Amino acid sequence: MIRSLVLAAITWGPMLLAAGCARPPLTGPAGQHTATSVTDKPSGRDLADGNWAACREFVFRVNAYFSQHPTEAPCPLTDARRRLLREETDLSAAQIAELERPTLDLPDAYYLENCLLFRDAARSLIRPGASVRKQAEAACSWVARHVRLVEHQVTPCPPAWVLRRGWGTAVERAVVCLALWEQLGLEGCLLRAASQRDSFGLPRLWGVGVRDGSEVWLLDVATGRAVPGPAGAEAASLRLAHRGEVAPPAGLSAEDFRQSDVVIHHAALAYAPRVHAVQALLSADLTVRLAVDLEATLARWRQLVPSAEVWKHDPRRPPNLWEFLPPGAGGHDRSNRQAEAERALVPWNRVPAVVRQLPPGELSDRLRYVFAQPFLALSLETGQPRDLMLRGRLDEAVAALVRLREELHRQREQAARIPNLEETVAQWCAAAQAAYQERARLSAAPTPATATAAWETVQMRLAELARASQPVEVFLRAAVAEPLAARATYLLAVAKHEQALAAQHRHGPGDPAVRAAWQAALSWWTTYLEDYPDSPAAADARHWREQALQAVERFP
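No experiment lies behind these values; they were computed from the predicted model shown.

**Overview of the overall build of the chain**
For the chain, the count of helices and strands is 22 helices and 10 strands. For the chain, the residues scored as buried account for 53% of the 556 residues in total. Taking as baseline every contact in the chain between residues at least 6 positions apart, the subset at least 24 positions apart corresponds to 68%. Looking at the chain as shown, the accessible area adds up to about 23900 Å², and 53% of this sits on carbon and sulfur atoms.

Laid out in structure tokens, this is it:
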């Protein structure tokens, strides 16, 4: 799923611009695509891997199938449903028209891929026989482990992006929780304080609630746990909170807790008729939830909470996919939202100064790619350890993370074995600086000398430097190794923690295999804290290490 990079030529980190996805656009309702037959009815079996290539191919086949079977093609919105969207959401007329478009495009493929990611995560969390509240709490705790709380001011991202990235605000974490609950067949909401304001000056979104018959159980996204109930009850419900019979979570006043509002949120594409049509195609052989009946959903919530409303007019809300993706990926965004999200994955402050000071150009662009690509791959690429973890393929993820750590160690050793590497890199960068300055001087001449011998000479010099850049790339990969190893070690500890929880569920807390699994998790959390005590994730690591330690101490 990794995006190809268009490395801009102005400044270092801030100008790493992603062209969005390098995936080519769909060729149209039928196109000239011949990789598979379009005569057969699309099947959920085509999406077994849930990866981008399968989703894009599936969307193409659906378009072709609908064009050949118009009776199964999506119908336009009825006047009543169009009016409902106008009245209950903040979708503009143009956005409602986007939902009504009958042909699927790249944002729909992204949406399908995202839903399948959450579906795979949900499958690893299913606990047969567990109550709605217990299942919801297990999922909320899973989100707390996989999305660190980091309050930031960057543009909010769609929930799948937040999940892959591994950190987000409390609001982003809450939206990830709702998306995961959706795939578990649970109906969730956001909980909004009546008057307390956050750093945006907006009503604080403090938690999530899950509907369970006539109750709405309350969960605190900061802790990933259910809000404690009154004496004799394990958890708090919205009904008890409104009566003032439950103590509020930390940081929330009793009055705000008592008057908490219910806010409903779904991805806008869930309302699109074409997505409902795809859901009907998939329902026979693939359990993934794509479509939402807004009218029925509102009716169910308002039976319990008459003031329930759809989340709208809020800059904290994640953008619709067509608002997040650039035109090259089928979206409408021209403000580089996706590029900004990708830039945030790369620790540009760890680029060695001698390389960071290179002027823009083809050489520095190549080096920026060398530095950025491993971080982007780890977070975004299908089949990488992060992706495997999120899909519940923990054994594969652990093995891949161990290999990654070994490879990063090898990269550091390779750099250490090269004599005078830093001096070689400094000389190369000085030569590149001089060549760029000379080319800039020639370009700025009153009569640009782009066809002269001097111009050809400087171009040849830049080409020679490109061929001689291997030591610089080795130097950069060594610089990548430490921050990437920190991320890999943290993910390895999370994966071991997940394995311990799974073993405890499978065998029961008294089994020796469970103790061994918790000891492994404890060992990796300890390793992370010893190796990276000052990292931004250290506080989270200490919290999970304490949980692992408590689990180990429960054994004799």
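There's more to say after this.
**Focus on the layout of surface pockets**
Of the volumes computed, that of the largest pocket is approximately 970 Å³. Surrounding the largest pocket, 32 residues form its lining, R127, A138, S141, R145 and L501 being those nearest its centre. Within the residue set of the lining of the largest pocket, elements represented by two or more residues are α5 (132-146), α20 (470-507) and α22 (538-553). Class assignment of the residues belonging to the lining of the largest pocket gives a composition of 12 nonpolar, 12 polar and 8 charged. Of the pockets and cavities examined, the second largest pocket occupies roughly 750 Å³.

**Here we look at the packing of helix α1 (residues 52-68) against helix α4 (residues 106-123)**
The contact between α1 and α4 brings their axes to 9 Å, and the two run at 130°. Considered as vectors, α1 and α4 are oriented oblique to each other. As α1 runs across α4, the sense of the crossing is right-handed. Residue-level contacts link W52, C55, R56, F58 and V59 of α1 to L106, D108, A109, Y110, L112, E113 and L116 of α4.

**Section: the nonpolar core**
In this structure, W181, V208, L218 and V355 are the most contacted members of the largest nonpolar core, which totals 179 residues. For this core, the leading source of residues is α20, giving 19 residues. Ignoring sequence-local partners within four residues, the contact set of W181 consists of A136, A139, C140, L186, G188, V208, G209, V210 and L219.

**Describing the pattern of salt bridges**
Considering all chains together, one arrives at 40 salt bridges under this definition. Between D90 and R317 there is a salt bridge, with its nearest N and O atoms 2.9 Å apart. Here the residue D90 occupies a position in the loop between α2 (79-88) and α3 (93-100), and R317 occupies one in the loop between β10 (309-310) and α12 (321-324), the gap between them amounting to 227 residues. Here E438 makes a salt bridge to R441, at a shortest N to O gap of 2.7 Å. In this pair, E438 and R441 are both assigned in helix α18 (residues 421-443), 3 residues apart and thus about one turn of the helix distant. By sharing partners, the salt bridges in this structure join R119, D120, R123, R164, D387 and R391 into a single network.

**Considering the packing of aromatic side chains**
One pass over the structure, following the stated rule, counts 9 aromatic pairs. Summarising the aromatic geometry, the rings of Y65 and F66 are spaced 6.4 Å apart at their centres and angled 55° between planes, so their arrangement reads as tilted. The exposure class of F66 is buried, given its relative accessible area of 6%. The structure contains a cluster of three or more aromatic residues connected by ring pairs, namely Y490, W525, Y528 and Y532.

**A look at the state of the cysteines**
Counted according to the given criterion, the structure contains 0 disulfides. In this model C115 remains outside any disulfide bridge; the closest cysteine sulfur is found in C55, 9.3 Å from its own. Judged by its relative accessible area of 7%, C115 falls in the buried class.

**Regarding the environment of A481**
Among the secondary structure elements, A481 is positioned in helix α20. If we ignore the near neighbours within four places in the chain, the residues touching A481 are L408, Q411 and R412.

**Points about empty space enclosed by the protein**
According to the stated counting rule, one finds 3 cavities of 30 Å³ or more in the structure shown. Approximately 470 Å³ is the volume attributed to the largest cavity. Residue lining of the largest cavity: 28 residues in total, with Y111, P159, A179, H266 and A267 positioned closest to the centre. Among the elements that take part in the lining of the largest cavity, helix α7 (residues 170-183) stands out by supplying 5 residues, more than any other. By residue class, the composition of the lining of the largest cavity is 19 nonpolar, 6 polar and 3 charged.

**As for α4**
Note on helix geometry: an α-helix contains 3.6 residues per turn, so any two residues three or four positions apart are oriented the same way. For α4, built from 18 residues, the straight-helix expectation of 26 Å at 1.5 Å per residue is met to within 8% by its first-to-last C-alpha distance of 26 Å. Of all the 18 residues making up α4, 17 are buried; the element is thus mostly covered by neighbouring parts of the structure.

**Focus: the environment of G244**
Relative to the helices and strands, G244 resides in the loop between α8 (238-242) and α9 (254-258). Its relative accessible area of 48% is what places G244 among the partly exposed residues. Note: C-alpha distance between G244 and G209 (35 residues apart in sequence) is 17 Å.

**Things to note about α5**
An ideal rise of 1.5 Å per residue puts 21 Å on 15 residues; α5 measures up with 21 Å between its terminal C-alpha atoms. Counted residue by residue, α5 has 12 buried out of 15 residues, so it is predominantly covered. Within α5, the full set of buried residues consists of R133, Q135, A136, E137, A139, C140, S141, W142, V143, A144, R145 and H146.

**Brief notes about the sheet that holds strand β5 (residues 188-197)**
Spatial strand order, β8-β7-β6-β5-β9-β10: 6 strands in an open sheet with mixed pairing. Here the strands that pair on one side only, and so sit at the sheet edges, are β8 (225-226) and β10. The pairing of β5 with strand β6 (residues 203-212) spans 6 bridges and is antiparallel. Its bridge partner being in β6, L190 is matched across the sheet by V208.

**Section: the pairing of strand β9 (residues 261-264)**
Both β5 and β9 contribute to a ladder of 3 bridges, which runs antiparallel. Paired with L191 across the strands is V262, a residue of β9. Pairing between β9 and β10: 2 bridges, direction parallel. Note on β10: the bridge partner recorded for V263 is E309.

**Observations regarding the packing of α2 against helix α11 (residues 294-304)**
Closest axis-to-axis distance for the α2/α11 pair is 10 Å, and the angle between their directions is 55°. Comparing the axis directions of α2 and α11 gives the class oblique. Facing R81, L84, L85 and E88 of α2, the residues of α11 in contact are L294, E295, L298 and R302. Across the contact of α2 with α11, the residue classes break down as 4 nonpolar, no polar and 4 charged.

Scoring rules and cut-offs
Residues numbered from 1 in each chain as written. Predicted model: local features only at pLDDT ≥ 70, side-chain atom pairs only at ≥ 80, totals over all residues. Heavy atoms only, no water. Helix = DSSP H or I, 4+ residues; strand = E, 2+ residues; numbered from the N terminus. Buried < 20%, exposed > 50% of the residue type's maximum accessible area, 1.4 Å probe, protein only. Contact = heavy atoms within 4.5 Å. Areas by Shrake-Rupley, 256 points an atom, 1.4 Å probe, with all protein chains shown as cover. 1 Å grid on protein atoms, 1.4 Å probe; cavity = no way out; pocket = protein on both sides within 12 Å on 5 of 7 lines; lining within 4 Å. Points joined across faces, edges and corners; volume = space filled by probe spheres on them. Nonpolar A, V, L, I, M, F, W, Y, C, P; charged D, E, K, R; others polar. Axes fitted to C-alpha atoms, helices over the stretch in contact; angles between N-to-C directions. Parallel < 35°, antiparallel > 145°, perpendicular 65-115°, else oblique. Left-handed = near helix turned anticlockwise from the far one by under 90°. Core = buried A, V, L, I, M, F, W, Y, C linked by side-chain atoms within 4.5 Å. Salt bridge = Lys/Arg side-chain N within 4 Å of Asp/Glu carboxyl O. Phe/Tyr/Trp six-rings, centres within 6.5 Å; stacked < 30°, edge-to-face > 60°. Disulfide = S-S within 2.5 Å. Expected span 1.5 Å × (residues − 1). Pairing = 2+ DSSP bridges.

Take it as geometry only, folks, not as evidence of what the structure does.
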